[in-house]
Structure formats: C-alpha cells, structure tokens
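Structural overview for review
Each chain is listed here by its residues.
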Amino acid sequence: MTVSVSSQMQAARPADLPAIDKLLQHNKTAALVAEYGQTLVTTQLRQLMDELRQKALAGQLTHAELAHEPLLSGLAARLSEVTASKLKTVINLTGTVLHTNLGRALLPDSAVQAVVKVLTQATNLEFDLDTGRRGDRDSLVEDLICELTGAEAATVVNNNAAAVLLMLNALAAQREVIVSRGELVEIGGSFRIPDIMTSASSTLVEVGTTNRTHYADYERALGERTAMIMKVHCSNYAVVGFTKTTGINELVRLGRERRVPVTVDLGSGTLVDLTQWGLPHEPTVRETLATGVDLVTFSGDKLLGGPQAGFIVGRKSLIDIIKKHPLKRALRTGKLTMAALEAVLSLYLSPERLPERLTTLHLLTRAQSDIQAQAGQLQPVLQQALGRDFTVTAEPMLSQIGSGAMPVESLPSFGLVIHYSGTDKAGKQIMQLERRLRCQAEPVIGRIHKNALYLDCRCLSTGQAQRLHTLWSNAQL
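Residues numbered from 1 in each chain as written. Predicted model: local features only at pLDDT ≥ 70, side-chain atom pairs only at ≥ 80, totals over all residues. Heavy atoms only, no water.

**Points about the environment of L72**
The criterion, for reference: Note on conventions: DSSP H or I runs of at least 4 residues are helices, E runs of at least 2 residues are strands, and numbering of each starts at the N terminus. Accessibility here uses a 1.4 Å probe with only protein chains present; expressed as a share of the type maximum, an area under 20% marks a residue as buried, one over 50% as exposed, and anything in between as partly exposed. Contacts are residue-level and defined by heavy atoms, with any inter-residue pair within 4.5 Å sufficient.
Note on placement: L72 falls in helix α5 (residues 68-83). Classification of L72 by relative accessible area gives buried; the value is 0%. In this structure the C-alpha to C-alpha distance between L72 and V417, which are 345 residues apart in sequence, comes to 42 Å. Those residues within four positions of L72 in sequence are excluded, and the remaining contacts are L23, H26, K28, T29 and L32.

Take a look at the structure:
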C-alpha cells in the first residue's frame, strides 16, 4: 500500500509505535545485534521507543519518524555514541607541549612497544626470577634511576603529589615541616602544598615572606618537633623583583648541623641539562642531589617525557623507611607504567640521541622553519574551508613548554591565526569556530586570544597534518 506524503507528516499516536519484538527481527537490527550484542541493542531500542512515546504524547511525533529506515538509523547512531570511548585523541594546537589537560608528555615509540608487550602476558612485576620468590616492583627501574641521578636509592609512585604525600607521611607525620612562604605552591585543580601537609598529618611551619626568605628564618623555626626542611622548586610560577631565597647548599649545611633531613620537591624534574639544546635552564635531579640534600621528588610525565609517575630519590636509609610505609602500596604503580618508565629511562643512557628518540624533547627542539612549513601548507586549505567570513594567516608565535612545568618560558614557533571578518560580533564567531574544531571527529584544540583563534603547529605530527589537509580540503567548516 502506498502511503501519501501528507499522511506521513501527520501526528502519530503512542499506539502507532511499532512493537519492539518486530523491530528486533528486522535485518538491520540483526546486523546491530551481531556488532553490539542482544542486551545493549534491546536496552537502547527500548530507551528510543520510550522517547518516541513521550513525543507522541506531546503531539510532536510524525508517522515519518516511525518508518523502519529512520528509526533503525537512529538506533544505530545511539549505539555508536554510547559505545564510543570518552577518552579521545586530540590534535594539540594550543602551543603548550606538556599540557596538563591534554595528558602531558607523549610517549616515545619504545615505551609504547614496551607497554603493548606486557598488556596481554604475565610479567615478573613482583617476582624475583633469581630467587623464585616475591620481589619488589621498584627493582625494575631503581638501578636505572640511581645511575641517571646519582641517588643511593629510589622508589616510584603514581605521581609527584603522591610522592610528596608518601614522603611526608613516612617521615613527618605528627611533626613539623619547615617551608618558605614563597614556595607554598598550588598545582592543578586547586591542589596545594599545605593541603598535602594536612593530609599527611604534618604541621606546616611557614617561614619568611612571599618574596623574601632568609637563612635566619629557617634557623629560628627549627625545634624539637621539626621533622624536615622542605624546599619546593617553583616550576609553575616565578616571583620577580625584590626577592630573596635561601639556597639549597645553605639549607643542607643547616640540616646537617641540626640533624634534620632536607628535601626538595623539584616538581617537573629533568634528568639532563636542557641548555645543551638551546632550552631554558632547569635544575636537574643529579645536580640537586649533589648539593647533599637527603631526598628529591619529581614527576615522570613532564620534562622527563615518560608516563604519569612520581619519584622519590636520595638517601637509602630514608627510602627504606618510605618503602615500608602502608601508604606505599596504595600509591604504587602498575605494570604498564613500569614498562613505559623502564623504556623511557633507558633512552637517557644515550643522551646525545635523546632529541630524535624522546618525543617531548623532539617537540621542544623543533626548528621554527619546520613548523612554519607545516603552517604554510595548511593555511590555504583552512582558508578555503572557512570561506570569506574568516581570514587565516600563517604567523610566528610563541609556544609554552608546559602549563605546570616552566610556564613562563617560551619557544619561537609558527602557526595559523584566524580572525573573523564578517559583520557579526567577532568574539562570538571565533568562539563558535573554536567549538566546531573542538567537536570534530578528531578534535582540534587551539587557544583564543584577543578575539582570534591561534593554532600553534609545534606539536602537530606529520600524520595529523596530512589528515587535517585532507579534511579541510574536502569540507566547509
């Protein structure tokens, strides 16, 4: 029977909805069941029919929407959406290499292969192959860490905040920790050093002022309940002007005189001198330990270029105490992290080859001319995709090393700058464009500055550039 177009557009009643059993017998539904399983398909189909029933009760449903083709196409779209991963890969055009919100360091190929290898097989994560007994998972990387840093011993947990938390719990619970007021940093998500102190049941003793802390301030604060002098490297901000800090060497001398451990939270942490590649200086773990400090904590997924992890390195007698603390088990890393860490740390044994092997260092040292070439190739296709309402120019710009690691340091880069040239409000149009790029199948993340959208090409890989070129050549944005 032929159904007229006018009847197709007439309002449908709840009674007009097709039976779920009949829909499940349809050939297209059978294909969906083969892909997604009977349970999920049935659940999503029932939810879809409930929504259509509500539309029918409100008089907003037409007979056209109940035809098998659009109805089952809608079911397929729902299934695709509900099974899609929430964790998506994105194209980072923000200009920030170590972007906290975008996952920080990208792993090198050797680390990726190491993780893949242990994903589906049993490993000696906590099994000593020499003795046949239970082992210590730290032993998988401890020798490497000690060789690269000069530490007596080391332990690994799941991030640097955890490393500081564990160190304080093990060595300073119910006792006092002296920290300069100018070093009471806040890291991402409003997580602050004083909060970590509280969580560790340690009493924070602030000394000095925000901009100036003297040796005598630390000396006066020492007492019977002092468990530790802690220095925090301000890797995510800088205080300039009328300032004074007490050097690590001075604190080490004071700590030894008063028999109080001196610890340093390096934050981002680096194992090599970055200035050899023309990058800003950042204190290395080795040179920090060489001052005589007892312990150093630092991250694995920032300047080190590895997976998320936190290290505590230094004096063996203190590391032994830390390893025995009950919190160590709660904060330990898994086999995937350990596999990636070992692979990344191994690259540092050949430091002269790091720029070509370590992804983070490769991105930080990219020549501006190479980045400019990428931007130049993408500019005309993006201009064509955006049309006359937008103006796209390839321009020099400054990249940022990290949002939580050396954020005040910048690197010469190149990218695309998009301005709105139409008659509507420019700010609104640029925000809508940013959202369209962000909501693509492969999201593109840029940054808005002064009513313009900046797409910094420093972190753009060759494969990503090719995909964007193809997409923008064949689409209107």
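So much for the structure itself; the text now carries on.
**Let's talk about the packing of helix α7 (residues 139-149) against helix α15 (residues 335-347)**
Keep this limit in mind: The axes used here are C-alpha line fits, helices contributing only the stretch in contact, and every angle between their N-to-C directions lies in the interval 0 to 180 degrees. To sort the angles, those under 35 degrees are grouped as roughly parallel, those over 145 as roughly antiparallel, those from 65 to 115 as roughly perpendicular, and the leftovers as oblique. In this scheme the crossing of two helices becomes right-handed for a clockwise turn of the near helix relative to the far one and left-handed for an anticlockwise turn of less than a right angle.
At a closest axis distance of 10 Å, the pairing of α7 and α15 adopts a crossing angle of 30 degrees. One finds that α7 runs roughly parallel with respect to α15. As for how α7 packs across α15, the hand of that crossing is left-handed. Contacts from L140, V141, L144, I145 and L148 in α7 reach M338, L341, E342, L345 and S346 in α15.

**Points about the pairing of strand β18 (residues 452-456)**
Just so we agree on the cut-off: Two strands pair under a simple rule: DSSP has to find at least two bridges between them.
Most of β18 is tucked away: five of the five residues are buried. Across the two faces of β18 the burial is the same, with A452, Y454 and D456 and L453 and L455 all buried. Inspection of the sheet shows strand β15 (residues 410-420) paired to β18 by five bridges, in the antiparallel sense. For I418, the partnering residue across the bridge sits in β18 and is L453. Summarising the sheet, strand β17 (residues 447-449) and β18 pair through three bridges and their orientation is antiparallel. Looking at the pairing, R447 lines up with Y454 of β18. Linking β17 back to β18 in an antiparallel pair, the connection comprises two residues, with K450 at a positive phi of about 50 degrees.

**Side note on α15**
An α-helix turns once every 3.6 residues. As a result, residues three or four positions apart point the same way. Rules: Multiplying 1.5 Å by the helix residue count minus one yields the expected span of that helix.
End to end, α15 covers 19 Å across 13 residues, agreeing with the expected 18 Å (1.5 Å per residue, within 8%). T337, M338, A339, A340, L341, A343, V344, L345 and L347 are the residues of α15 that are buried. On the buried face of α15, the contacting elements are α6 (109-119), α7, β5 (153-157), β13 (310-314) and α16 (354-357).

**Topic: the pattern of salt bridges**
Short version of the rule: Think of a salt bridge as a Lys or Arg side-chain nitrogen and an Asp or Glu carboxyl oxygen that are within 4 Å of each other.
This structure, assessed with the given rule, holds 22 salt bridges. A salt bridge links R134 to E126; the shortest N-O distance between them is 3.0 Å. With relative accessibility at 62%, the residue R134 sits in the exposed group. For E126, a relative accessible area of 22% gives the class partly exposed.

**Side note on the sheet that holds strand β14 (residues 390-402)**
Within the open sheet, the five strands sit side by side as β2-β14-β15-β18-β17. Their pairing is mixed. Both edges of this open sheet fall to β2 (96-98) and β17, since each of them pairs with a single strand only. Mean inter-strand twist for the sheet, computed between neighbouring axes without regard to direction, equals 35 degrees. Sheet topology note: the β14/β15 ladder contains eleven bridges and is antiparallel. Among the inter-strand pairings, M397 is bridged to a residue of β15, identified as S413. Packed onto the sheet, helix α18 (residues 368-386) meets β14, β15 and β18 and runs at close to 10 degrees relative to β15.

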